[in-house]
Amino acid sequence: VLVTHHEADAGAADRVVHLANGRLVDRLASWPQPTRDQRRGPTGATVLELSGVRHTYNRGTPWEAPALHGVDLSMRQGEALLIVGGNGSGKSTLAWIIAGLIAPSEGRCTLRGNPVDQQIGDVALAFQHSRLQLQKQTVGAEIADWGGRATGSGAVGQALDAVGLDRRLAARSIEELSGGQAKRVVLAAMVASRPQVVVLDEPLAGLDPQGRAEIVE
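Please read these numbers as outputs of a predicted model, since none were measured by experiment. (Residues numbered from 1 in each chain as written. Predicted model: local features only at pLDDT ≥ 70, side-chain atom pairs only at ≥ 80, totals over all residues. Heavy atoms only, no water.)

J.: Could you give me a rundown of the sheet that holds strand β4 (residues 65-76), with the residues and numbers involved?
T.: One open sheet holds the 4 strands; their spatial order is β4-β3-β5-β6, and the pairing between them is antiparallel. Edge strands, defined here as strands with exactly one partner in the open sheet, are β4 and β6 (114-115). Where strand β5 (residues 106-111) meets β6, 2 bridges bridge the pair, whose relative direction is antiparallel. The residue of β6 that forms the bridge with T110 is P115. Relative to the sheet, helix α1 (residues 91-98) contacts β3 (46-57), β4 and β5, its axis offset from that of β3 by approximately 125°. (Pairing = 2+ DSSP bridges. Helix = DSSP H or I, 4+ residues; strand = E, 2+ residues; numbered from the N terminus. Contact = heavy atoms within 4.5 Å. Axes fitted to C-alpha atoms, helices over the stretch in contact; angles between N-to-C directions.)

In structure tokens form, the structure reads like this:
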């Protein structure tokens, strides 16, 4: 028995059962497709720049493991950049360096001309596993913590609105969130914190087609 969000995964099955709202159905309705806002786009100014970035874990030890081998990259204001690669290709290492959580072994990563690892918080990183970075007891407290002491209930509500979550979720325990809700709570927290750059590390992993479309929106 294979349980999956994606019908293509069951291509070799003898029988496929569709489930919706707790009931068996003949077939699932088509999922909504995200629509790109054509009005948005880069405005020209370079915000973040990587030059000759290399990184080796456990450098100088028997467990030395090279991860990046010379990355040159620049990002402009308003630009949406997709980084694609297989398992072990260095995507997450690159994400952590861009967020300033790892200083590269060689090369430079700068945000508006200054090393990003000296500006922690100006680049916000959403982990692959969202639950790992939700530390407060409630959704509202988590969003307010990211936004700083001046973040009131109104700002929390606006952040929840921005990611399509009901404002009543603010009182909900973090432990009660589904995987998709946890991902969107992290995004709402980012909205509240107003970073200069947002890095999303595999934000669609584990979501069904509708959840994926909503996160992309």
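J.: Help me get a handle on the side chain of T56, residues and values and all.
T.: With respect to the helices, strands and loops of the structure, T56 is situated in strand β3. Of the residues examined, T56 reaches a relative accessible area of 18% and is grouped as buried. For T56, the residues in contact, after removing those within four places along its chain, are E64, A65, P66, A67 and S105. (Buried < 20%, exposed > 50% of the residue type's maximum accessible area, 1.4 Å probe, protein only.)

J.: Got a sec to walk through the packing of aromatic side chains? Specific residues and values, please.
T.: Taken as a whole, this structure holds 1 aromatic pair when the rule is applied. On the basis of an interplanar angle of 20° and a centroid distance of 5.4 Å, the ring pair of W96 and F127 is categorised as stacked. Here F127 lies in the loop between β7 (123-126) and α2 (139-147) and W96 lies in helix α1, a separation of 31 residues in the sequence. By relative accessible area, W96 is classed as partly exposed at 31%. (Phe/Tyr/Trp six-rings, centres within 6.5 Å; stacked < 30°, edge-to-face > 60°.)

J.: Quick one: what's the story with the pairing of strand β8 (residues 197-200), residue by residue and with numbers?
T.: With burial as the criterion, only one face of β8 is covered, namely that bearing V197 and V199; the residues V198 and L200 on the opposite face remain uncovered. Bridging between β7 and β8 involves 4 bridges; their strand directions are parallel. When the bridges of β8 are listed, L125 appears paired with V199.

J.: Talk me through a nonpolar patch on the surface; I want residue IDs and the actual numbers.
T.: A contiguous nonpolar patch, built from V17, L19 and L24 and spanning about 330 Å² of accessible area, is present on the exposed surface. For V17, the location among the structural elements is in the segment before β1 (18-20). (Patch = residues over 30% accessible without salt bridge, like charges linked within 9 Å, V, L, I, M, F, W, Y side chains within 5 Å. Areas by Shrake-Rupley, 256 points an atom, 1.4 Å probe, with all protein chains shown as cover. Salt bridge = Lys/Arg side-chain N within 4 Å of Asp/Glu carboxyl O.)

J.: Kindly report on the packing of α2 against helix α3 (residues 153-162), identifying the contributing residues and their values.
T.: Running from N to C, α2 and α3 cross one another at 100°; their axes reach a closest spacing of 10 Å. One way to sum up the angle between α2 and α3 is to call them roughly perpendicular. Only V156, A159 and L160 of α3 make contact with α2, whose side of the interface consists of V139, G140, I143 and A144. For the contact of α2 with α3, the class distribution of residues is 6 nonpolar, 1 polar and no charged. (Parallel < 35°, antiparallel > 145°, perpendicular 65-115°, else oblique. Nonpolar A, V, L, I, M, F, W, Y, C, P; charged D, E, K, R; others polar.)

J.: Hey, could you go over the packing of α2 against helix α4 (residues 179-193) for me, with residue numbers and the actual values?
T.: Axis separation between α2 and α4 bottoms out at 7 Å; the angle between their running directions is 35°. In this structure, α2 meets α4 at a crossing whose hand is right-handed. Residues V139, I143, W146 and G147 of α2 pack against V185, V186, A188, A189, M190, A192 and S193 of α4. (Left-handed = near helix turned anticlockwise from the far one by under 90°.)

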